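Structure at a glance
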Amino acid sequence: MATTAVGQPLSRVDARRKVTGTATYSAEHRIEGLLYGVIVNGTVARGTVSRISVDAALAHPGVLRVLTDFGKLQLAHPVDRLAFYGQPIAVVVAETLEAATHGASLVEATYERQDAVTDFDDPDIPSQTPEDEPDYSRGDPAGALASAQVKVDLELTSARENHNPIELPSTIARWQDGRLTLWDKTQWSQGAARTVAGALGIAVTDVRVHNEFLGGGFGSGIQTYDHVVLAAFAAREVNRPVKVVLTRRQFYYGTGFRPASRHRMALGSTAAGRVSALVYEVRIENARYRTYTDGLTDLPKFLYGVPNTSTAYRITPIDVHSPASMRGPGVVLGNFALETAMDQLAHELAVDPVELRLRNEPTQDEVSQLPFSTRKLRECYQTGARRFGWSRRRAEPGTRTDGDLLIGMGMATASYHNNRRDSSARARIHADGTAEVFAASADMGPGTTTSVMQVAADALGLPASAVTFRLGDSSYPTAPLHAAACTMASVGSAAHTTCNALKAEFIRRAVADPDSPLHGANPADVQVRDGQLETSGARDTYRDILRRAGLPSLDITGNWGPGDADSRISTYGYGAVFAEVSVDPLLGLVRVRRIFAAYDVGRVISPKLAHSQAIGGMVGGIGMALLEGTVTDHRDGRIVNASLADYLVPVNADVLDLDAAFINTEDPQADPIGVKGLGEITIVGVAPAIGNAVFNATGKRLTDLPIRPEALL
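No experiment lies behind these values; they were computed from the predicted model shown. (Residues numbered from 1 in each chain as written. Predicted model: local features only at pLDDT ≥ 70, side-chain atom pairs only at ≥ 80, totals over all residues. Heavy atoms only, no water.)

Below, the discussion takes up the nonpolar core. With 91 residues, the main nonpolar core has Met265, Val581, Ile595, Tyr599, Leu626 and Ile690 as its most contacted residues. If one sorts the elements of this core by residue count, helix 9 (residues 331-349) sits on top with eleven residues. Residues Ala435, Leu462, Cys499 and Ile545 belong to the second largest nonpolar core, which totals 47 residues. (Core = buried A, V, L, I, M, F, W, Y, C linked by side-chain atoms within 4.5 Å. Buried < 20%, exposed > 50% of the residue type's maximum accessible area, 1.4 Å probe, protein only. Helix = DSSP H or I, 4+ residues; strand = E, 2+ residues; numbered from the N terminus.)

In structure tokens, the structure reads:
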């Protein structure tokens, strides 16, 4: 197949609509008869509502209903008691947003409080081993650590982080003839349909979810939270469409977060730099009402060839909302612990940090004992070090200056599992020669609409301008959640497979049609370019084939899934992240001067979009390393800094020079288009690279995220 669109640095096909304001986001749809719902949040972390007064709210002009009885709803948390601060206790529905907002402020509640714990470092709260994260061990890690010639044993922490995409969680719900339509800011339209149907006790076939445009997500839109269900519930109760949009403060209360974590990472090594032992113990905060886990132990037990390894994962259930996935979930924290310890070990050994990692490269996946599908990590190290100028790094910390500033360089390895999931697509070619591809996927910003179009265009043999990829509708063919870096490998592979099948159907029709110039040709010899089917000088077109058949279009629905590939190969993406920082020793202020990363992520479908993804991940990593941290008032569970005025995120002044390169490789064993996930891996490795650069600048090994100025004073 001649490639014409894949690999080209195309601009986003929806870019003009987004920058001119014509892209319609969930809260912007104009629905006739629309009402406005505002959620009233509880103000205790644990207890029950003993009394709720709604009279003043109902008396306010424009307020139509105040809903307080959620007893028939099936939510993720209890509805008969309060399990976390901010849990919804009422919904005010009004003719205007202003009336609903003021009405919500007039609802008064009294509570029967119970003793609550919102600090997961409380020594009275026992930790648990989650069922899906059992302890892991190979070899004799305790014995190998005890006998190691060189040891590193670090305690590390990370603060809770909250999602802060630009678009707030928003839902419009409308009922017609017993069927529900939602316009929702979700990363998984079909998952949202199932959750809402289950919560309301209706058939999932009676729910349709639209989510064509998303203003960022980072994991905040994977789960379907209370506000979505309550919008649908309110619309059914008042028999009119209802819009619910969370405020930024409610966003912090009403959705999940990256949980705070505590780590112990111990490494043992020979004097020659061969890591012989790894002991990793981690604990994260959890809700009492629901268990949440993610892949914190994945990279520590996988990334390097360590014969004696153990990991232990613990959760501490407290009175908070349940944590949730946030970009690079779990992996980014486990990698922070591992890569910080590796850097410290390199310092103890007086070995270059890149060289230490090269000395411990495995030959196979030591957890699964499977061969790697591809592992171009060495090339990542080499490319990254060369492009970044790693040879200019001074091994002795605190010896490079720029005026009054201390300058340091650090690096870290990045990796993320190549997730692929079952997916479907429908491909259609119209009589005018244009094509459409449909899948119930989403695009929260990586450019899925563009990249899948590129794959489809090449599979169909059409120019990119003739193909449209349509997503954002739960009625489209099945797609997995738009998260876990699985969209391109899954939906892209389904589009590729389906479009090839549709092309083959056109070829079959042409060679079987006596009126076609290709009649009698061998189908295997027919090539398709720019909508023309050609072999041995004879040509036919998609348009002519449809015209002769009297068809306005022809479509096919196809499926793709990874099958048993993960039982035969270990498939991961890899990267090497390099950072340079300056540290003001008088103020403790850390500034990231530049970051460069080199990635092995398989075939790069759209270089411009891939580079943008890498830059976005780096920005998130800078926030994690230096700025972001949610602060809780443990007296009642209230989040103190639940606003962008108080919760710090990177701004343009924080991201001076970010760049990335991609190793030229494909992974055909993993999926038919040879890609690996890119969205998650680009944040992995950034925080430890920055932390390691701070150590190189100052000689201070900081193990708490975010790195705060006072730690450097």
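This next bit is on the sheet that holds strand 22 (residues 527-529). Spatial strand order, 22-23-24: three strands in an open sheet with antiparallel pairing. Here the strands that pair on one side only, and so sit at the sheet edges, are strand 22 and strand 24 (538-541). For this sheet, the mean inter-axis angle between neighbouring strands, taken without regard to orientation, is 30 degrees. Across three bridges, strand 22 lies against strand 23 (residues 532-535) in antiparallel orientation. Looking across to strand 23, one finds that Gln527 is bridged to Glu534. Sitting on the sheet, helix 13 (residues 487-512) is in contact with strand 22, strand 23 and strand 24, with an inclination near 60 degrees to strand 23. (Pairing = 2+ DSSP bridges. Axes fitted to C-alpha atoms, helices over the stretch in contact; angles between N-to-C directions. Contact = heavy atoms within 4.5 Å.)

Turning our eyes to something else, we now look at unusual backbone geometry. Cis peptide bonds are those with omega within 30 degrees of zero, and the linkage from Leu705 to Pro706 qualifies with 0 degrees. In this structure, Ala350 is a non-glycine residue whose phi angle is positive, near 60 degrees. Its location among the elements puts Ala350 in the loop between helix 9 and helix 10 (353-359).

Oppositely charged side chains can pair when the atoms bearing their charge come close. In this structure the tally under the stated criterion is 38 salt bridges. As a salt-bridge pair, Asp540 and Arg548 come within 2.5 Å of each other at their nearest N and O atoms. By relative accessible area, which is 2% here, Asp540 ends up buried. (Salt bridge = Lys/Arg side-chain N within 4 Å of Asp/Glu carboxyl O.)

What follows is about the packing of aromatic side chains. This structure, assessed with the given rule, holds 13 aromatic pairs. Judged by centre distance (5.6 Å) and plane angle (70 degrees), the ring pair of Tyr252 and Tyr647 falls under edge-to-face. Residue Tyr252 is found in helix 7 (residues 248-254), and its partner Tyr647 is found in the loop between strand 29 (638-639) and strand 30 (658-662); the two are separated by 395 residues along the sequence. Judged by relative accessible area, Tyr647 falls into the buried class, the value being 1%. One aromatic cluster is present, built from ring pairs that chain together Phe302, Phe372, Tyr572 and Tyr574. (Phe/Tyr/Trp six-rings, centres within 6.5 Å; stacked < 30°, edge-to-face > 60°.)

To continue, consider helix 16 (residues 686-698). Given a rise of 1.5 Å per residue, 13 residues ought to cover 18 Å, and the 18 Å separating the end C-alpha atoms of helix 16 matches this to within 8%. For helix 16, every residue scored as buried is listed here: Val686, Ala687, Pro688, Ala689, Ile690, Gly691, Asn692, Ala693, Val694, Phe695, Asn696 and Ala697. Gly699 sits one or two residues past helix 16 and shows a positive phi near 80 degrees. (Expected span 1.5 Å × (residues − 1).)

Glancing now at the pairing of strand 16 (residues 308-318). Of all the eleven residues making up strand 16, ten are buried; the element is thus mostly covered by neighbouring parts of the structure. Of the pairings in the sheet, the one linking strand 6 (residues 136-138) to strand 16 comprises three bridges and is antiparallel in character. Each residue of the ladder has a partner; that of Arg138, found in strand 16, is Thr309. As paired strands, strand 15 (residues 275-287) and strand 16 are joined by eleven bridges and run parallel to one another. Each residue of the ladder has a partner; that of Arg283, found in strand 16, is Arg314.

As enumerated under the stated definition, the model contains zero disulfides in all. With no disulfide of its own, Cys499 lies closest to Cys486 among cysteine sulfurs, the gap being 19 Å. Among the residues examined, Cys499 registers a relative accessible area of 0% and is labelled buried. (Disulfide = S-S within 2.5 Å.)

Reading across from one edge, 17-18-26-27-30 is the order of the five strands in this open sheet, with mixed pairing throughout. Pairing within the sheet leaves two strands with one partner each, and these edge strands are strand 17 (401-402) and strand 30. The sheet contact formed by strand 26 (residues 572-584) and strand 27 (residues 589-600) spans eleven bridges and is antiparallel. Residue pairing in the sheet places Asp584 in a bridge with Leu589 of strand 27. Its contacts with the sheet place helix 15 (residues 607-627) against strand 27 and strand 30, and it is angled at close to 130 degrees to strand 30.

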